[in-house]
2 protein chains.
Amino acid sequence: MKAVTAEIITIGDEILYGQIVDTNSAWMGTELTKIGVKVKQITSISDNAVHIAQALDEAKTRADIILITGGLGPTKDDLTKHVLADYFHTSLKLHEPSLADIAAIFRVRGIELTELNRQQAFLPESCMPVRNALGTAPGMWFEQDGKVFVSMPGVPFEMKRMMTDLVLPQLKAYFKTPHIIHRVIQTVGLPESILAERLEAWETSLPEHLKLAYLPHLGGVRLRLTGQSMDEAALEQELQQEVDKLPDLIGKYIFAYGEVPLEEAIGRLLKERGLTVATAESCTGGFLAHKFTSIAGSSAYFTGGLVAYHNEVKIRELSIHPETLQQQGAVSEATVRAMAENVRQKFGTDIGLATSGIAGPDGGTPDKPVGTIWIAYADKYKTEAKLLNYNKNRLLNIEYTTMAVLNLLRQSLEPTVEE
Amino acid sequence: MKAVTAEIITIGDEILYGQIVDTNSAWMGTELTKIGVKVKQITSISDNAVHIAQALDEAKTRADIILITGGLGPTKDDLTKHVLADYFHTSLKLHEPSLADIAAIFRVRGIELTELNRQQAFLPESCMPVRNALGTAPGMWFEQDGKVFVSMPGVPFEMKRMMTDLVLPQLKAYFKTPHIIHRVIQTVGLPESILAERLEAWETSLPEHLKLAYLPHLGGVRLRLTGQSMDEAALEQELQQEVDKLPDLIGKYIFAYGEVPLEEAIGRLLKERGLTVATAESCTGGFLAHKFTSIAGSSAYFTGGLVAYHNEVKIRELSIHPETLQQQGAVSEATVRAMAENVRQKFGTDIGLATSGIAGPDGGTPDKPVGTIWIAYADKYKTEAKLLNYNKNRLLNIEYTTMAVLNLLRQSLEPTVEE
C-alpha cells in the first residue's frame, strides 16, 4: 500500500532569521502521521514571489499534498495569496462569506473594518475557500493533477483549528488513507526509563503492525499505541486487547486514556466525588490555579486560590506563624503543610493544596539551592507534604512543580491505588 | 550589494514526523544572520540518498553556503557521509586525527571503541574535516564552484560548539559578508492592520535596504526593522534615525525596544518607580499572577494575588457587596472596579488589578455572551475599568485578557502617554 505523501512549506522571514522556532510544522507532521500521510519534506522560505513559486514546483514533484502556512496577513509583505493566484492562473475575487466572517470579527471587537482587512476576503477564483474560525485570513484549497495544495495562516492557533476541523478530514476523504488508529495512555509519576522496563515484555510481544511510542512531558509520560490496517473494526479490537493488559503492569500511574490533560482528569474525579479545592501558592505563583481554571466547568470544584508571594501575605492571609517562617523558612515542610491546611479552612473547601520553593534563578542558598520545592495536600483526614528537587530553569521548575502537586492530589483521589 | 546566502538542510525522520521540533535551524538562522549571511531556505528531509542529493542540487542553485545537519550517526540508517562522498565524486579514507579524537572519547567513557564508531573516522578524501569537540561524528567542509558545503552532527550541543568555534569564523573569512542588523520594536494595543495604516507613509519612505516586518502575538505586534550594509556604523545610525521616528507615530503603543516580553517591561517600570502590585482574578484564574511571577525577581513588586473564582470568595475575601453581585452580576464594571480597589487595600499595595468575565465555552447569556470580560486598574488616585469582547476559545480569552490588563497597567505607568 503506497503511502500518501505531503510536503509542508512555511513562509516568513522570522523562521529563517531564527526569530521564531517553527513549531507549526512539527504539529502538522504529527497530525499528518496520525492519518497515515508521510511527510517527505518541510521547507521554510521567505516572503518572495519567485521563491514561493519555485518551492511549489519542487514540492509537487515529491508530494501528493502541499500544505502552505504563513504570508496571509493583511500587510503588504504578505504575498502568498497573490503568488497562488498567479501560480494557478486565476485572479482574486471577493468571497462574500469570508467578508462576512471578517466583518463579524471586527464587530465583536468593536473596531471598524479596515480596507486592509476587507482585502483579505478577496480570494483566488479557482480555490475552495477554507473557513478561518479564529482570524481574518481565510485558507485556500486548490486541486491540480490529483494533487492538493492548501494555504493556511501561520498563526498557530488559527492554523491548528483550521487543520483539525476542516483540512485533515477533507484530506482523509480525498485520499482514502488506510486506517491508522492511536490509543493514548497517559501516565504520571514514573520516569520514562522505568516505565519502559515495566513494559518491555509487553512491548516486544506486540504484533508487527502495532507500534508503541513514549512521549514524555513535564514529569508525565504519554504512551501512544499506533496500529495501521485496512480493517478498522479488527484493528480497534486488537488495540483494545493490548491496552487492557496495561492496568496490571502500570495501573497506579495511569491517569487517563486518550488526550486528557492531568488537570482535566482530576477535574472529573473531583466532580464525581463532589469535592472542592483551594490553592495556596508561593513559588508556582498562580500557575496551579491557572491549570485548574483552564478547564471548562472548573468552577464546579475549584473555589479559589491565594498567591502568597510575600511572607506578610503568608502571615496575614494564611495565618502562618512568623516563628515558623523565621525558624524553618518559607521553603519548609512546616510552612507548606500549614499553607495547605489553612487555605482549606479559609476557603471552606474539602481539599487544600500548597507550594513553596525556590524557582530561581536567584534566591538559592547552600542548604536550599534553586529547585528546592515543598508541596502539600490537605483534607479533613490528613495532610501530606513532599520535597521536590529540580535543577531546571524558572519556568520549568514552576511547571514541574504544578504537575507534581496535581499528581499528589490525584493519588489521594484514587482510593484503589496503594501508596 | 548582493548578500551571501545560506540554505540549511536537516536530515532525519523525527522532525518530519513531528517527534522533535527543529530548534537547530532557528539557532543557526540567528547565528548566520549575525554574521550577515541571509538564510534563504530551511529544508528538512529524511535519511534517503536520492532525496539528500536532490536537496543539495536544489540548494546550490539558491545559496552560497549549504549547511547540513544530521545523518552522521554510527548506524546504517545514517547515510549523509556516503551520499556526500558520492556527490563530490570522492571516496572515504581513514582520517587519523578524527580516529584519535573518537578513541579519546571512548577512553574517557571507559568503554571499548566499537568498529561502528571506528568507521566514523572514515571521511570523504576531498573534504576538510571539521573537528567535533563533543562527539564521535566529525564535521565535513567541502568547496565547489565558490560555494561551501558543511556537514555537521544533528546533536544540538555538538553542532552549536562546532558552528561557534570553527564553522562561523571560517565562513566569515571565506565570504566577505555585509552586516545585517535587526531592530525590534514591541507594541501592544493596536491590531496589526491599524498599526500598518499608521506606519504606511513611514514604511514606504524607508530606503531600499531597510525592511519592516509585522509579527503579531496575543494582541501585541512586534515590529522588526532589518537593515543590510557593508558599513556597520552608518547602518546602526540609519536604523536609529528611523526607529526614532516611531514614537510620534505610535508612541503610546510601544512598550519595549528589543526582545522583552510585556510582563518584563512592566516589571522594570514598577521597579524603577518602586511600586507594588496585587491581583484579584476571576476569569483569568491565576494566569495574570503567573505572568508577573514568571519573571525572575518579580517578588520586588508583586506582593500576591487572589483567585476569586466563586462569588462567596469575592464576597468574603474581597468584600464585594452581595447586592452588587446580585444586581449587576459578577461580570460587571461595578464588581471589577471593587475587586481592583479592594485587593489593593487587602494586600496594602500601590496598585490593584482585577479581571471578571466569561471565558467560555459555557456561562454565556444573550446580554453577556462568552468573551464578555471586564478588567480594572486601581491606584491611590484613580480606578479605571475596561470592557473587552473576544470570541476566542477559553485559553485564548484568558491569555488575551491577561495581555489587556498588563497593557492597562502599562499605560498608567507611562505618564507621558496621553489617553
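A quick note: this is a predicted structure, and the numbers were derived from the prediction, not measured.

What counts and what doesn't
For every chain, the first residue of the written sequence is number 1, and numbering continues from 1 onward in sequence order. Both sets of labels track the order of writing: A upward for chains, 1 upward for ligands. For a predicted model such as this one, the threshold for reporting local features is a pLDDT of at least 70, and the threshold for listing and counting side-chain atom pairs is 80 or more; totals across whole chains, interfaces and linings nevertheless cover every residue. Water and hydrogen atoms play no part in the side-chain values, which are based on all heavy atoms of the structure. The helix count covers DSSP runs of H or I at least four residues long, the strand count covers runs of E at least two residues long, and both are numbered beginning at the N terminus. Three labels apply to residues, based on accessible area from a 1.4 Å probe with only protein chains included: buried if under 20% of the type maximum, exposed if over 50%, partly exposed otherwise in between. By the convention used here, residues are in contact when the closest approach between their heavy atoms is within 4.5 Å. The definitions used throughout rest on a 1 Å grid laid over the protein atoms alone, on which a cavity is an enclosed set of points accommodating a 1.4 Å probe that cannot get out and a pocket is an open set flanked by protein within 12 Å on both sides along at least five of seven lines; lining residues are those having an atom within 4 Å of a point. Grid points are joined across faces, edges and corners, and a volume is the space filled by probe spheres set on the points. Residue type decides the class: Asp, Glu, Lys and Arg count as charged, Ala, Val, Leu, Ile, Met, Phe, Trp, Tyr, Cys and Pro as nonpolar, and the leftover types, Gly among them, as polar. Within this scheme, the nonpolar core is defined by two criteria: the residues are buried Ala, Val, Leu, Ile, Met, Phe, Trp, Tyr or Cys, and they are joined through side-chain atoms within 4.5 Å. Patch membership needs two things, relative accessible area over 30% and no salt bridge, and members are linked within 9 Å if like-charged or within 5 Å if nonpolar (Val, Leu, Ile, Met, Phe, Trp, Tyr). For the accessible areas, the method is Shrake-Rupley and the probe is 1.4 Å, while residue cover comes only from the protein chains on display. When a carboxyl oxygen of Asp or Glu lies within 4 Å of a side-chain nitrogen of Lys or Arg, that pair is called a salt bridge. Only rings of Phe, Tyr and Trp enter the pairing, Trp through its six-membered ring, and a pair is recorded when the two centres are within 6.5 Å. The plane angle decides the type: under 30 degrees is stacked, over 60 is edge-to-face, the rest tilted. For a lysine, the NZ atom is tested; for an arginine, the CZ atom; a charge sits over a ring if that atom is within 6 Å of the ring centre and within 35 degrees of the ring normal. A 1.4 Å probe defines the accessible area here, and the buried area is the portion of it lost by two parts on being joined, summed over both. An automatic or database domain assignment provides the domain bounds reported here. Directions from the helix axis toward the C-beta atoms define the arc. By this rule, a helix spans an expected 1.5 Å times one less than how many residues it contains. Think of a polar contact as two N or O atoms within 3.5 Å of one another; within protein, one of them needs to be a possible hydrogen donor and the other a possible acceptor, and neighboring residues in sequence only count if both atoms come from side chains.

Caption draft 1: Here's a closer look at the side chain of Thr303(B). Assignment of secondary structure puts Thr303(B) in strand E14 (residues 302-308). Given a relative accessible area of 6%, Thr303(B) falls into the buried group. If we ignore the near neighbours within four places in the chain, the residues touching Thr303(B) are Val307(A), Tyr309(A), His310(A), Val313(A), Thr276(B), Val277(B), Phe347(B) and Thr349(B).

Caption draft 2: Region of interest: empty space enclosed by the protein. For the structure on display, the rule yields two cavities of 30 Å³ or more. Within this model, the largest cavity holds a volume of roughly 130 Å³. Surrounding the largest cavity, 14 residues form its lining, Asp22(A), Ile42(A), Ser44(A), Asp22(B) and Ile42(B) being those nearest its centre. Broken down by secondary-structure element, the contributors of at least two residues to the lining of the largest cavity are helix H2 (23-34) and strand E2 (37-45) of chain A together with helix H2 (23-34) and strand E2 (38-45) of chain B. Across the lining of the largest cavity, the residue classes break down as eight nonpolar, four polar and two charged. Roughly 50 Å³ of volume is contained in the second largest cavity.

Caption draft 3: Highlighting the nonpolar core. In terms of nonpolar packing, the biggest core is built from 42 residues, with Leu306(A), Leu318(A), Leu306(B) and Leu318(B) touching the most fellow members. If sequence neighbours within four positions are ignored, Leu318(A) has contacts with Ala280(A), Leu306(A), Ala308(A), Val313(A), Met339(A), Asn342(A) and Val343(A). By size, the runner-up hydrophobic cluster in this structure holds 38 residues, among which are Phe157(A), Ala265(B), Tyr301(B) and Ala404(B).

Caption draft 4: Expanded view of a nonpolar patch on the surface. On the surface, Leu134(B), Val155(B) and Phe157(B) cluster together into a nonpolar patch covering about 250 Å² of accessible area. Here Phe157(B) is to be found in helix H7 (residues 156-174).

Caption draft 5: Broad picture of the packing of aromatic side chains. Scanning all chains against the criterion turns up 18 aromatic pairs over all chains. For the pair Tyr309(A) and Phe302(B), a centre-to-centre distance of 5.8 Å together with 70° between the ring planes defines the contact as edge-to-face. Pair noted here: Tyr309(A) is in the loop between strand E14 (302-308) and helix H13 (311-318) and Phe302(B) is in strand E14, and the two residues belong to different chains. An aromatic cluster is present here, built from Tyr87(A), Phe88(A), Phe142(A) and Phe149(A) joined pairwise through their rings. When the ring centre of Phe106(A) is taken as reference, the NZ or CZ atom of Arg109(A) above it lies at 5.7 Å. Just above the ring of Tyr400(B) sits the side chain of Lys392(B); from NZ or CZ to the centre is 4.6 Å.

Caption draft 6: Spotlight on the interface of chain B and chain A. Contact with chain B, which involves 79 residues of that partner, is made by 73 residues of chain A. A buried area of about 6200 Å², summed over both sides, lies between chain B and chain A, and 55% of it is on carbon and sulfur atoms. Taken together, the links from chain B to chain A amount to four salt bridges. Between Glu317(A) and Lys346(B) there is a salt bridge, with its nearest N and O atoms 3.1 Å apart.

Caption draft 7: Highlighting the domain arrangement of chain A. Domain boundaries in chain A define domain 1 (4-175), domain 2 (179-257) and domain 3 (262-413). On a C-alpha basis, the centres of domain 1 of chain A and domain 2 of chain A stand 34 Å from each other.

Caption draft 8: Looking closely at H13(A). All names here are of chain A. Among all positions in H13, only Val313, Lys314, Glu317 and Leu318 are buried. The buried residues of H13 occupy one face: seen down the axis, they fall within an arc of 105°. Positive phi appears at serine 319, one or two residues downstream of H13, with a value of about 50°.

Caption draft 9: Expanded view of helix H16 (residues 394-413) of chain A. All names here are of chain A. In this model, H16 (20 residues) spans 29 Å end to end at C-alpha, consistent with the 28 Å of a helix rising 1.5 Å per residue. The buried fraction of H16 amounts to 14 of the 20 residues, a majority that puts the element mostly inside the structure. In this structure asparagine 393 caps H16, since a side-chain oxygen of it lies 3.1 Å from the backbone nitrogen of leucine 395.

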